[in-house]
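Residues per chain, in single letters:
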Amino acid sequence: MDKEGDAAAKTITDALGAYRCARVRLPFKDFNECLLKNVATGMISELLKDAKPLGGHTVEPFDHIAKLATQRKKMNPEKAVDTGWEIFHNLMGGGSREREVTILTADTGVGKTAWALNLLYRISGRVNTLIISGEEDNVEIFGRLITIYTKKPWATYYDNYAQLKSGSQVTEKDIEDANKFYSLKGTMFWCGETNLPINQITELIKFCHQRYNTRFILIDHLHHFIDADSGEHERFAIEKFLKGLNALVKNIPVHIMVICHPNKEVGDNVRRVYMNQLKGSAAIKQYAWNVISLARNTEEGQTSVECWLQKKRYSMARQGFCYFTVDNPDTAIYEQGTRGDYHDG
């Protein structure tokens, strides 16, 4: 809002009382520009619901809250995205739900990013997605997603001259079909080599949600976005980061998955990571809705991946295990004992 707009808003709030007024954050300068940019009516309705009172938080009676809760359920019922992984779906209490933060962890080399990208691939068939990465650049992630779609390793696609290798099984049509799949499904990328503060990450997520209706966000990984030394400063930075994400999902209907590395050496023979082995474990226990730990013995070439939901906040979810099979860390991951691979061409 410009100075003239601020002045006009102050005049109105002074006359009406700040407690009666609210501020709406728009993706563009004002409502006129939103209309010119063809912002959907449904999106504007969502923004109006998320308006913040200018007078600060107010004390409200129970019947008012009950009415608001009923209206929210009618206008925006709780939504969960089915991943096609049936046991995982049931453990999560109905899939990937909006307004939650999930922590995904595993020991080094187990395949955290590969598993998360397989999940994102399945979810991208239902909702728009955003990948925020400090671990790999966008082209590397693109290659992984192409491999998941085609079931053929991205590394074999091109030679040093960006031409298809003569012995490669992949075809130009494979790549064209994969590009079309992810483009139509609204998969967005952000990659940076520097730390991105939590306030900028939340603004990025808000923008993508408002502009592209993004509903699932993968952050890979937490410690690339923590600008702090080890010790108390790092723990405080992790708490601030997760607190910011938790506040964000209360205001917009998105699910955020954050990949997190363990802080301590994993001593379990299956390399299972426990919550108290994570950096910032106290903040993770407090602010994360779900904590998922992956484990497999990579030294023995184990292809079975254990998925342990060790913390859940949603009442319909439950702690427990499900198992996946992976032939290659860069290809599709299959849940054991369920209906198999997902492919929405």
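The following refers to the structure shown.

About the cut-offs
- Residues numbered from 1 in each chain as written.
- Predicted model: local features only at pLDDT ≥ 70, side-chain atom pairs only at ≥ 80, totals over all residues.
- Heavy atoms only, no water.
- Helix = DSSP H or I, 4+ residues; strand = E, 2+ residues; numbered from the N terminus.
- Contact = heavy atoms within 4.5 Å.
- Areas by Shrake-Rupley, 256 points an atom, 1.4 Å probe, with all protein chains shown as cover.
- Core = buried A, V, L, I, M, F, W, Y, C linked by side-chain atoms within 4.5 Å.
- Buried < 20%, exposed > 50% of the residue type's maximum accessible area, 1.4 Å probe, protein only.
- Pairing = 2+ DSSP bridges.
- Axes fitted to C-alpha atoms, helices over the stretch in contact; angles between N-to-C directions.
- Expected span 1.5 Å × (residues − 1).

1. Things to note about the overall build of the protein
Piece 1. When its secondary structure is counted, the protein shows eleven helices and 13 strands.
Piece 2. Long-range pairs, those at least 24 residues apart, make up 67% of the contacts in the protein between residues at least 6 apart in sequence.
Piece 3. Only carbon and sulfur atoms are counted for the fraction: they give 51% of the accessible area of the protein, which is about 18,200 Å².

2. Focus on the nonpolar core
Piece 1. Of all hydrophobic cores here, the largest spans 39 residues; its most connected members are Phe 88, Trp 115, Met 257, Ile 292, Leu 294 and Phe 324.
Piece 2. For this core, the leading source of residues is helix α6 (residues 112-123), giving eight residues.
Piece 3. When near neighbours in sequence (up to four residues on either side) are disregarded, Leu 294 contacts Leu 104, Thr 105, Ala 106, Asp 107, Val 110, Gly 111, Lys 112, Trp 115, Arg 271, Val 305, Glu 306 and Cys 307.

3. A look at the sheet that holds strand β5 (residues 100-106)
Across a sheet, paired strands are connected by hydrogen bonds in the backbone, their directions being either parallel or antiparallel.
Piece 1. The sheet built from nine strands is open, its strands ordered β7-β6-β8-β9-β5-β10-β11-β12-β13 with mixed pairing. Two strands in the sheet have a free side with no partner beyond their single neighbour: β7 (187-191) and β13 (333-335). Mean inter-strand twist for the sheet, computed between neighbouring axes without regard to direction, equals 20°.
Piece 2. Pairing between strand β10 (residues 290-295) and strand β11 (residues 304-312): six bridges, direction antiparallel.

4. Digging into unusual backbone geometry
Piece 1. In this structure, the amide linkage connecting Asp 220 to the following residue, His 221, adopts the cis form with an omega of -15°.
Piece 2. Despite not being glycine, Arg 99 shows a phi value in the positive range, around 65°.
Piece 3. Along the chain, Arg 99 falls in the loop between β4 (96-97) and β5.
Piece 4. You will see that Asn 213, though not glycine, has its phi angle at about 60°, which is positive.

5. Here we look at helix α1 (residues 3-16)
An α-helical segment advances 3.6 residues per turn. Residues three or four places apart therefore align on the same side.
Piece 1. For α1, which comprises 14 residues, the first-to-last C-alpha distance of 20 Å matches the rise-based estimate of 20 Å (1.5 Å per residue) to within 8%.
Piece 2. Immediately beyond the C-terminal end of α1, within one or two residues, lies Gly 17, with a positive phi of roughly 100°.

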